[in-house]
Number of protein chains: 2
Amino acid sequence: MATMHDVARRARVSVSTVSYVLTGTRPISEATRTRVLEAMAELGYQPNAMARGLASRRSRIVGLLMPMDERGLGATETAFVTGAAAAASAAGYHLVLSPVGAADPDVVRRLATQGMFDGVVLMEVQVDDGRVAALQEAGLPLVLIGRTGDTTGLSYVDIDFEQTVHEAVDHLVGLGHRRIVYVNHSASAIAAGYGPAVRTRDAFVAAMARHRLEPVMIASEDSAAGGRAALSAAVAQVPDLTAVLAMNESAIFGILGELAVRGRAVPGDVSVVSMVTSPQVAELVHPALTALTSPGAALGRIAMEALLRQLEGAAGQNHQQLLPCVLEIRGSTGPAAPPVGGAGGGAEPAGADPPDR
Amino acid sequence: MATMHDVARRARVSVSTVSYVLTGTRPISEATRTRVLEAMAELGYQPNAMARGLASRRSRIVGLLMPMDERGLGATETAFVTGAAAAASAAGYHLVLSPVGAADPDVVRRLATQGMFDGVVLMEVQVDDGRVAALQEAGLPLVLIGRTGDTTGLSYVDIDFEQTVHEAVDHLVGLGHRRIVYVNHSASAIAAGYGPAVRTRDAFVAAMARHRLEPVMIASEDSAAGGRAALSAAVAQVPDLTAVLAMNESAIFGILGELAVRGRAVPGDVSVVSMVTSPQVAELVHPALTALTSPGAALGRIAMEALLRQLEGAAGQNHQQLLPCVLEIRGSTGPAAPPVGGAGGGAEPAGADPPDR
DNA sequence: CTGAAAGCGCTAACAA
DNA sequence: TTGTTAGCGCTTTCAG
């Protein structure tokens, strides 16, 4: 490993000159610059990251802090990670993945004071999240994916759940649906103050109220089995429901499976909308799911870019941004079945509706 | 940020003593040790990661190098990442996620010579992968997830594709199936020497030969649409097929969808086995998929542990390990339909099968 | 068992 | 436009 001294000697300049052509923090004559550059190339020189970090107090490492439970990451969270990683990499930063549960702010505090991170992106933020305070106390530049309850003085990027729910409900109501059930995340997630679960719940109530409809919400475990149970509960509570709204990539398949088992055709008898879903997942089933596609990788990228801007430029403004999910109509939604009618549309030419386009 | 000097002063010892209680590289009397520890606690001291790295030439950072194309990661790859991250974190190492295409060994070389990584895990290894050579030249401890063609002198952890395919084929043959079609990854992946695709292809040919059956393989794009096309191609080539073997988490849903559209019941008419699949995915559909469950997170964890052992202990042995996928029989496989029989099982109790449409 | 001091490879004053 | 040099905070000889 060639060092800066080697380069300096070979280019017949001082180390500081070499350093300055590297950092560009002071003017260098074209002649010496090229001499230095040549020397570097000839020696295959690469600046030592640790030495740089120590001397400059900037590691060029950013952290991505995320809880990683046994279940692993869903498609949406994975997209955040890859988006953030790509953005960091593109800007010449390294991205450290740190598994840190929302429950242990102490681990976060330790990480923050080690001087390894120039800044961090915090994922899966809870409405009341101790990690945020720990990070702020450490004075570490910070961007959230998700939001705490009080966001004053914080930078965040999040999905616009309110708008997403409203759009979903409007779509269904526009098709004539009135008995719509919302399948949310688990009761424990809601109780824990998991933002997406809490915000969609509230938005659903509001959206239904706007249409003077009664909001029925069912909590569901994040699994196919949970989805089946949820659908059963939904039908028990609203036997003549015509539409299911869900925000649970894992449960959605159980919901569809249970509908099939019960002989309720999609979308003939029941329309299904999946919120915060990736197109890949939506296309997995037949008919493909009408969905509100999550911004996915874009969210991770935007969060990372906001953080890097904060690191490069002088701190300054907070970046607060909500990204909408975009409605993509596929085959799983259709006009509501006529209010009375026999149970099930068995007589309809089932093959007739040409779902996906 | 308190430094070591502060701690030393407060504990009335020299900096070196503080350092030694931290690293444990030389005996310290119990008395001074506790004095130092107290001083640290009182000051909330955390050793500076960069300074440590510079002085010790060990960053305690390991890299996870992976290609990250637009599509993002599948469930299996995500599991590798989380497994590796957890293992690194548990051992007190930081894990840097670096997106590095198989196509740019130069980027790898640059990363390797920056002195940021104590070692790296390389994912999605191609049979002929320039990154491996780049890493070896840089003298960086290295563990692969996947394998190159020639593995002498290399450490790797990989799925035992040969065994996996044999087990899958044996399962189907044991159920009486003889016309089995294998749906592999895309033709371009196979051509590029993507290990899983190449190895399963060869293993499938061998497994079928062992049973004196003709191996028919169809290449499929990694998408639901690709799966539909693949199933169509399969039926075109083997109209009376009774079983489909697939190793393509994305295509499998298209395959199932197309089977449903063609009125072929699963498993009544056609049995389906999905290889290298996570249980979550297998449970997504109805009937749930008989699958060879991939070791997932375990693979990432084992690879990382092998790397860390290499870093801690004196280099030494290569770790070469193949992990089996375990056969989990669910609802998508059953006895082969009788060799002649009418087209389709129209007379069967239709309620039994899942027609999700 | 403990201290003093020489770096690790770089950045950034300070000085020319 | 360039050189000299004092650190950055720690590890690790070398001495006691």
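Description of the relation of the copies chain A and chain B
At step 1: Its rotation angle being 180°, the transformation that places chain A on chain B also includes 0.0 Å of axial translation and leaves an RMSD of 0.1 Å. Between the two chains, the operation in question is that of a two-fold axis. Closest approach to the rotation axis among the C-alpha atoms of chain A is made by A:Val96, whose C-alpha sits 2.1 Å away.

A few points about helix α2 (residues 15-23) of chain B
A turn of α-helix holds 3.6 residues, and therefore any two residues three or four places apart point the same way.
All names here are of chain B.
At step 1: What α2 keeps buried is the set Thr17, Val18 and Val21. Mapping the buried residues of α2 onto a view down its axis gives an arc of 100°, with all of them on the same face.
At step 2: Against the buried residues of α2 lie α1 (4-11) and α3 (30-43).
At step 3: Positioned one or two residues after α2, glycine 24 has a phi angle of 70°, which is positive.

Some remarks on the environment of B:Leu256
Residue and element names in this part refer to chain B.
At step 1: Its location among the elements puts leucine 256 in helix α12 (residues 251-261).
At step 2: Residue leucine 256 is classed as buried on the basis of its relative accessible area of 16%.
At step 3: Setting aside chain neighbours within four positions, we find leucine 256 in contact with Val266, Val272, Val285 and Leu289.

Describing the pattern of salt bridges
Residue and element names in this part refer to chain A.
At step 1: Applying the stated criterion across every chain, the model contains 28 salt bridges over all chains.
At step 2: Arginine 131 is paired through a salt bridge with aspartate 129; the nearest N and O atoms lie 2.8 Å apart. In this pair, the class of arginine 131 matches that of aspartate 129, namely buried.
At step 3: The network of salt bridges with common partners includes Asp106, Arg109 and Glu137.

Thoughts on the sheet that holds strand β5 (residues 155-159) of chain A
Two pairing modes exist for strands in a sheet, parallel and antiparallel, and in both the strands are linked by backbone hydrogen bonds.
At step 1: Reading across from one edge, β11(A)-β5(A)-β4(A)-β3(A)-β1(A)-β2(A)-β2(B)-β1(B)-β3(B)-β4(B)-β5(B)-β11(B) is the order of the 12 strands in this open sheet, with mixed pairing throughout. The open sheet terminates on both sides in strands that have one partner only, identified here as β11 (320-323) of chain A together with β11 (320-323) of chain B. Direction aside, the axes of adjacent strands within the sheet are offset by 20° on average.
At step 2: Looking at chain direction, strand β1 (residues 61-66) of chain A and strand β3 (residues 119-122) of chain A are connected through 4 bridges and run parallel. Its bridge partner lying in β3(A), A:Leu65 is registered against A:Leu122.

Overview of the pairing of strand β4 (residues 142-145) of chain A
Residues and elements named next belong to chain A.
At step 1: Neither face of β4 is left uncovered, since the one carrying Leu142 and Leu144 and the one carrying Val143 and Ile145 both have all their residues buried.
At step 2: For β3 and β4, the ladder comprises 3 bridges, and the chain directions are parallel. Considered in β4, the bridge of valine 120 is made with leucine 142.
At step 3: With 3 bridges joining them, β4 and β5 adopt parallel strand pairing. Opposite isoleucine 145, over in β5, you have valine 157 as the bridge partner.

Things to note about the packing of aromatic side chains
At step 1: Counted by the stated rule, this structure contains 3 aromatic pairs over all chains.
At step 2: Ring geometry for A:Phe253 versus B:Phe253: centroids 6.2 Å apart, planes at 35°, classification tilted. Taken together, the positions of A:Phe253 in helix α12 (residues 251-261) and B:Phe253 in helix α12 put the pair across two chains.
At step 3: Owing to a relative accessible area of 5%, A:Phe253 belongs among the buried residues under this scheme.
At step 4: In this structure, A:Arg60 packs its charged tip against the face of A:Tyr93, placed 4.4 Å from the ring centre.

Focus: the pairing of strand β8 (residues 243-246) of chain A
Residues and elements named next belong to chain A.
At step 1: On β8, burial covers both faces: Ala243 and Leu245 on one face and Val244 and Ala246 on the other are all buried.
At step 2: Strand direction decides the pairing type here: strand β6 (residues 180-184) and β8, joined by 4 bridges, are parallel. Paired with tyrosine 182 across the bridge in β8 is leucine 245.
At step 3: As paired strands, β8 and strand β9 (residues 271-277) are joined by 4 bridges and run parallel to one another. From the neighbouring strand, valine 244 faces β9, where its bridge partner is valine 272.

Re the protein's contact with DNA strand D
At step 1: The full set close to DNA strand D counts 28 residues, and A:Arg26, A:Thr32, B:Met4, B:Tyr20 and B:Tyr45 are the nearest of them.
At step 2: Within the side chain of A:Arg57, a nitrogen or oxygen atom sits 3.0 Å from a sugar or linking oxygen of DNA strand D.
At step 3: A distance of 2.9 Å separates a phosphate oxygen of DNA strand D from a polar atom in the side chain of B:Arg52.
At step 4: For the surface near DNA strand D, the elements supplying multiple residues, two or more each, are α2 (15-23) and α4 (49-56) of chain A together with α2 and α4 (49-56) of chain B.
At step 5: Here the surface near DNA strand D is built from residues that sort into 12 nonpolar, 11 polar and 5 charged.

Structural notes on the packing of helix α6 (residues 105-113) of chain A against helix α7 (residues 130-137) of chain A
Packed helices, taken two at a time, are described by the angle their axes make and the gap between the axes.
Residues and elements named next belong to chain A.
At step 1: Running from N to C, α6 and α7 cross one another at 25°; their axes reach a closest spacing of 8 Å. With respect to α7, the element α6 is oriented roughly parallel. Where α6 crosses over α7, the handedness of that crossing is right-handed. On α7, the residues touching Pro105, Val108, Arg109 and Ala112 of α6 are Gly130, Arg131, Ala134, Leu135 and Glu137.
At step 2: For the contact of α6 with α7, the residue count by class is 5 nonpolar, 1 polar and 3 charged.

Quick word on the nonpolar core
At step 1: By size, the foremost hydrophobic cluster in this structure holds 96 residues, and its most contacted members are A:Leu245, A:Met304, B:Leu245 and B:Met304.
At step 2: Leaving out residues up to four positions away in the same chain, A:Met304 has contacts with A:Val62, A:Ala84, A:Ala87, A:Ala88, A:Leu95 and A:Val121.
At step 3: By size, the runner-up hydrophobic cluster in this structure holds 52 residues, among which are A:Val183, A:Leu241, B:Ala246 and B:Val272.

Brief notes about the protein's contact with DNA strand C
At step 1: Around DNA strand C, the surrounding shell holds 27 residues, and the nearest of these are A:Met4, A:Tyr45, B:Thr17, B:Arg26 and B:Arg57.
At step 2: A distance of 3.5 Å separates a base nitrogen of DNA strand C from a polar backbone atom of A:Ala51.
At step 3: A:Arg52 places a side-chain nitrogen or oxygen 2.8 Å from a phosphate oxygen of DNA strand C.
At step 4: For the surface near DNA strand C, the elements supplying multiple residues, two or more each, are α2 and α4 of chain A together with α2 and α4 of chain B.

A look at the environment of B:Val173
All names here are of chain B.
At step 1: Here valine 173 is to be found in helix α8 (residues 161-174).
At step 2: For the pair valine 173 and arginine 60, spaced 113 residues apart in sequence, the C-alpha to C-alpha distance is 50 Å.
At step 3: With residues up to four places along the chain from it excluded, the contact list for valine 173 reads Ile180, His211 and Leu213.

Observations concerning the sheet that holds strand β10 (residues 290-293) of chain A
All names here are of chain A.
At step 1: Ordered by their spatial adjacency, 6 strands build an open sheet running β7-β6-β8-β9-β10-β12, and the pairing between neighbours is mixed. Of all strands in the sheet, those with a lone pairing partner are β7 (216-219) and β12 (326-328), marking the two edges. Strand-to-strand twist of the sheet, defined as the mean angle between neighbouring strand axes without regard to direction, takes the value 20°.
At step 2: Two elements, β9 and β10, share 4 bridges in a ladder whose sense is parallel. When the sheet's bridge partners are listed, valine 273 is paired in β10 with threonine 290.
At step 3: Running over the sheet, helix α11 (residues 224-237) touches β6, β7 and β8 and is turned about 150° from β7.

So, the interface of chain A and chain B
At step 1: Opposite the 44 residues of chain A that make contact, chain B presents 44 residues.
At step 2: Buried surface at the junction of chain A and chain B, both sides included, amounts to about 4,000 Å², of which 69% is carbon and sulfur.
At step 3: When the buried surface of chain A facing chain B is broken down by residue, A:Met50, A:His94 and A:His286 rank first, second and third, together holding 16% of it.
At step 4: Along the contact surface separating chain A from chain B lie 0 salt bridges.
At step 5: Remark: the boundary between chain A and chain B carries 6 residue pairs in polar contact (both at pLDDT 80 or more).

Rules used throughout
Residues numbered from 1 in each chain as written. Chains lettered and ligands numbered in written order. Predicted model: local features only at pLDDT ≥ 70, side-chain atom pairs only at ≥ 80, totals over all residues. Heavy atoms only, no water. Least-squares fit on C-alpha atoms with pLDDT ≥ 70 in both. Buried < 20%, exposed > 50% of the residue type's maximum accessible area, 1.4 Å probe, protein only. Helix = DSSP H or I, 4+ residues; strand = E, 2+ residues; numbered from the N terminus. Arc of directions from axis to C-beta. Contact = heavy atoms within 4.5 Å. Salt bridge = Lys/Arg side-chain N within 4 Å of Asp/Glu carboxyl O. Pairing = 2+ DSSP bridges. Axes fitted to C-alpha atoms, helices over the stretch in contact; angles between N-to-C directions. Phe/Tyr/Trp six-rings, centres within 6.5 Å; stacked < 30°, edge-to-face > 60°. Lys NZ or Arg CZ within 6 Å of the ring centre and 35° of its normal. Near = heavy atom within 4 Å. Polar contact = N/O pair within 3.5 Å; in protein donor to acceptor, adjacent residues only side chain to side chain. Nonpolar A, V, L, I, M, F, W, Y, C, P; charged D, E, K, R; others polar. Parallel < 35°, antiparallel > 145°, perpendicular 65-115°, else oblique. Left-handed = near helix turned anticlockwise from the far one by under 90°. Core = buried A, V, L, I, M, F, W, Y, C linked by side-chain atoms within 4.5 Å. Buried area = accessible area lost by both parts, 1.4 Å probe.

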